[in-house]
Amino acid sequence: MQAARPCVSSSEVLRAAKSAGPLWHRQNPRSQPQGDRTVKSAVETLNPTRVRLTVEVPFEELKDSLDAAYKKINQQVTVKGFRKGKVPARVIDQRFGRGAVLEEAVNDALPKFYTDAVNEAELSPLGQPEVDITELKDGETLNFTAEVDIRPTIEIPDYSGIEVEVDAVEVTEEDVDKAVEELRERFASTVPVERAAEDGDVVTIDLEAKVEGEVLEDGVANGVSYTIGSGELLDGIDDAVKGLEAGGEATFTSELKGGSAAGKEAEVTVKVTQVAKRELPELDDEFAQLASEFDTIEELRADSRKRLENMKQYDQATQAQERVLEKLLELVEVPVPEKLLEDEVNTRKHNLEHHQLGQMGLDLAKYLEIQGKSEEEFETETREAAVKGIKTQFVLDELVKQEKLNVNQEELTEHLMRRAASSGMSPDQFAQAVVEGGQVPLLVGEVARGKALAVVVEKATVKDTNGEIIDLDDEEDEAESAEASAEETPAESAEEKTEG
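These figures come from a predicted structure and were not determined experimentally.

Rules used in this analysis
Residues numbered from 1 in each chain as written. Predicted model: local features only at pLDDT ≥ 70, side-chain atom pairs only at ≥ 80, totals over all residues. Heavy atoms only, no water. Salt bridge = Lys/Arg side-chain N within 4 Å of Asp/Glu carboxyl O. Helix = DSSP H or I, 4+ residues; strand = E, 2+ residues; numbered from the N terminus. Buried < 20%, exposed > 50% of the residue type's maximum accessible area, 1.4 Å probe, protein only. Pairing = 2+ DSSP bridges. Axes fitted to C-alpha atoms, helices over the stretch in contact; angles between N-to-C directions. Contact = heavy atoms within 4.5 Å. Parallel < 35°, antiparallel > 145°, perpendicular 65-115°, else oblique. Left-handed = near helix turned anticlockwise from the far one by under 90°. Nonpolar A, V, L, I, M, F, W, Y, C, P; charged D, E, K, R; others polar. Patch = residues over 30% accessible without salt bridge, like charges linked within 9 Å, V, L, I, M, F, W, Y side chains within 5 Å. Areas by Shrake-Rupley, 256 points an atom, 1.4 Å probe, with all protein chains shown as cover. Lys, Arg positive; Asp, Glu negative; His and termini not counted. Charge placed at Lys NZ, Arg CZ, Asp CG, Glu CD. Core = buried A, V, L, I, M, F, W, Y, C linked by side-chain atoms within 4.5 Å. pLDDT = per-residue confidence, 0-100. Expected span 1.5 Å × (residues − 1).

J.: Hey, could you run me through the pattern of salt bridges in this one?
T.: Should their charged atoms come close, side chains of opposite charge can pair. Applying the stated rule across the entire model yields 35 salt bridges. Residues D149 and R50 are paired through a salt bridge, measuring 3.0 Å at the closest nitrogen-oxygen approach. On the criterion of sequence distance, the pair formed by D149 in strand 4 (residues 141-150) and R50 in strand 2 (residues 50-58) is long-range, its members being 99 residues apart. Here D149 falls in the buried class, since its relative accessible area comes to 9%. Classification of R50 as buried rests on a relative accessible area of 15%.

This is the structure we're talking about:
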């Protein structure tokens, strides 16, 4: 059964995307008609990713901003003998200084003149400009410069000759055995035993954790079910409970993974209240009927094989995309703006430390210890990943423009649903968050870049390790089947059949 599509949100996202202007089409902004304006602007290229705009504005072009400045100041000041908001301009100049008015007017006018200069030069700025007013003569002229990072000009060479090799899709009997055994484990039962606990047994335990001799408020848990050897609880607990019978007790030291004392060493007392062994069902037709929609174990094994093939084909297609992208990036010279790179590195580090690791109860130092990496290695890897990410976006965005690719509502909806699933939100909730957060251009950009990469992959030659040419068009359907297989297990299929 297909997942329900968002009923309103996707169209809202689409409308917002279209209203986003040039970002929707991923093209450079075009200059607007200038009429009889005498504003002059020039562009100086400082390096492949940074320019300096020089703008000369005749003073009469500031009239609207000056009027707005007087009006704003009028609403903020009180002058004896004049009603609020009715203070003449000459009085404001006398009492508060012409300089205050000019400052307000220039601050109001600068963004417009800067945007006009950017559009006229057909630039794609990245981030905020560094503006410097070089000359301001009352009644005569306003001159300023603006330095800003821009998207580099990228030449995409012929990429039709790209060749890559991917892993062959091979499913062995051992692979099928493992898949069936994992399914069998899901249907295992437990039977209490009167003996000491061993590896693989399921024990029911009570836990008490002390730090510096004090029992933690959140350090007591009773009736916890734990499979010995699973590694799902504290380090050291396996050695502590093995050999204990029901009623047995042991104490060990371990670093707490969560709670109020996460990361601290604790003295943990564990008491075993029950020992149970796992019993697996026989691999026969009866098991197949219990665990799946099939009547025989042979049918179940055949289905497991097909699912594994689909998943490996999905992995193969993903591998092809990654390797084609790597080859494409090797063909293109892509300068990277230094400030953009620093911002991207900092963003990646912030997300890792404050979101991903925070949810796991880890800090960066502990994470690096687990990974066996030094800070220098981490910094290097993060910077390399950031460089690749920026280059990928620049190249694919250029391809979107070159191939005149657009995003339709169905494509946007499919992408929205995938992103919602990965975020743990409903499609409607995710779409609403995207619209309210002003993230529509980012979402549309992701879809468009995916389409651009698909164009390159389609023209590439992909061979597996056996020398066979892979038709990735055929594998798109297999990829969808693989995703469905991952979401629906044989047991779930059996449940649906039973309910039906």
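J.: Honestly, the sheet that holds strand 3 (residues 125-137) in this entry has me stumped. Any pointers?
T.: Two strands in a sheet stick together by hydrogen bonds in their backbones, pointing the same way (parallel) or opposite ways (antiparallel). The antiparallel open sheet is built from four strands, whose spatial order is 1-2-4-3. Bordering the open sheet on either side are strand 1 (40-47) and strand 3, each of which pairs with just one other strand. Strand-to-strand, the axes of this sheet are offset by a mean angle of 20 degrees, without reference to chain direction. Two elements, strand 2 and strand 4, share nine bridges in a ladder whose sense is antiparallel. Within strand 4, the position partnered with R52 by the bridge is E147. Those strands touched by helix 5 (residues 98-120) are strand 1, strand 2, strand 3 and strand 4, and its axis lies near 125 degrees from that of strand 3.

J.: Please clarify how the packing of helix 10 (residues 338-360) against helix 12 (residues 375-402) should be interpreted in this entry.
T.: Two measures define how a pair of helices packs: the angle their axes make with one another and the distance between the axes. At a closest axis distance of 9 Å, the pairing of helix 10 and helix 12 adopts a crossing angle of 120 degrees. Relative to helix 12, helix 10 is oriented oblique. Note on packing geometry: the crossing formed by helix 10 with helix 12 is right-handed. Contact with helix 10, carried on its side by E338, L340, L341, E342, E344, V345, R348, K349 and L352, involves F378, E379, T382, R383, A385, A386, V387, G389, I390 and F394 of helix 12 and no other residues of that element. The residue makeup of the contact of helix 10 with helix 12, split by class, is ten nonpolar, two polar and seven charged.

J.: What should I look at first to understand unusual backbone geometry in this one?
T.: The phi torsion of most residues other than glycine is negative, and most of the peptide bonds are trans. Backbone geometry at E122 places phi at a positive 55 degrees, although glycine is not the residue there. By the element assignment, E122 lies in the loop between helix 5 and strand 3. With a phi angle near 55 degrees, K404 is a residue other than glycine that sits in the positive phi range. Following the sequence through the fold, K404 ends up in the loop between helix 12 and helix 13 (409-423).

J.: Quick question: what am I supposed to make of the side chain of D201 here?
T.: Looking at where D201 falls in the secondary structure, it is placed in the loop between strand 6 (189-192) and strand 7 (202-211). A residue is classified by how much of its surface remains accessible, and D201, at 4% relative accessible area, is buried. When neighbours within four sequence positions are excluded, D201 is seen to be in contact with R195, A196, Y226, T227, I228, V275, A276 and K277.

J.: Got a minute to help me understand a nonpolar patch on the surface in this structure?
T.: A surface patch of nonpolar side chains, about 220 Å² in accessible area, is lined by V131, I133 and L136. Residue placement: I133 occurs in strand 3.

J.: Quick question: what am I supposed to make of a negative patch on the surface here?
T.: On the surface, E282, D284, D285, E286, D295, E298 and E299 cluster together into a negatively charged patch. If you list the elements that add at least two residues to the negative patch, you get helix 8 (285-291) and helix 9 (297-331). Of note, E286 is situated in helix 8. Residue classification places E286 among the exposed residues on the basis of a relative accessible area of 63%.

J.: What is the right way to look at the nonpolar core in this model?
T.: Nonpolar side chains tend toward joint burial in soluble globular proteins. Ranked by internal contacts, the top residues of the largest apolar core, which has 46 residues, are Y159, I162, L328, V395 and L399. Those elements that place two or more of their residues in this core are strand 5 (163-166), helix 9, helix 10, helix 12, helix 13, helix 14 (427-436) and helix 15 (440-459). Of all the elements, helix 15 adds the most residues to this core, at ten residues. Ranked by size, the runner-up nonpolar core spans 31 residues in total, among them I73, V77, V91 and V118.

J.: What exactly am I supposed to notice about the confidence of the model for the protein here?
T.: Do not read the predicted coordinates in detail wherever pLDDT is low. Mean pLDDT over the protein stands at 85; residues scoring 70 or higher make up 87%. Here residues 477-500 is modelled with pLDDT under 50, and outside its nearest four sequence neighbours on either side it reaches 37 contacts, counting other chains as well.

J.: What exactly am I supposed to notice about the pairing of strand 7 here?
T.: Regular strands show a simple pattern: their side chains alternate between the two faces of the sheet. Relative to strand 8 (residues 214-227), strand 7 runs antiparallel, the two sharing eight bridges. In the strand pairing of strand 8, L207 is matched with A221.

J.: What is the right way to read the packing of helix 9 against helix 15 from this model?
T.: Contact geometry for helix 9 and helix 15: axes closest at 10 Å, N-to-C directions at 90 degrees. The pairing of helix 9 with helix 15 is recorded here as roughly perpendicular in orientation. Counted together, Q321, V324, L325 and L328 of helix 9 and L453, V456 and V457 of helix 15 form the full contact between these two elements. By residue class, the composition of the contact of helix 9 with helix 15 is six nonpolar, one polar and no charged.

J.: Any chance you could explain helix 3 (residues 63-76) here in plain terms?
T.: Since there are 3.6 residues in each turn of an α-helix, residues three or four apart along the chain are aligned in direction. Between its first and last C-alpha, helix 3 extends 20 Å over 14 residues, near the 20 Å set by a 1.5 Å rise per residue. Its buried side turned inward, helix 3 meets helix 4 (89-96) and helix 5.

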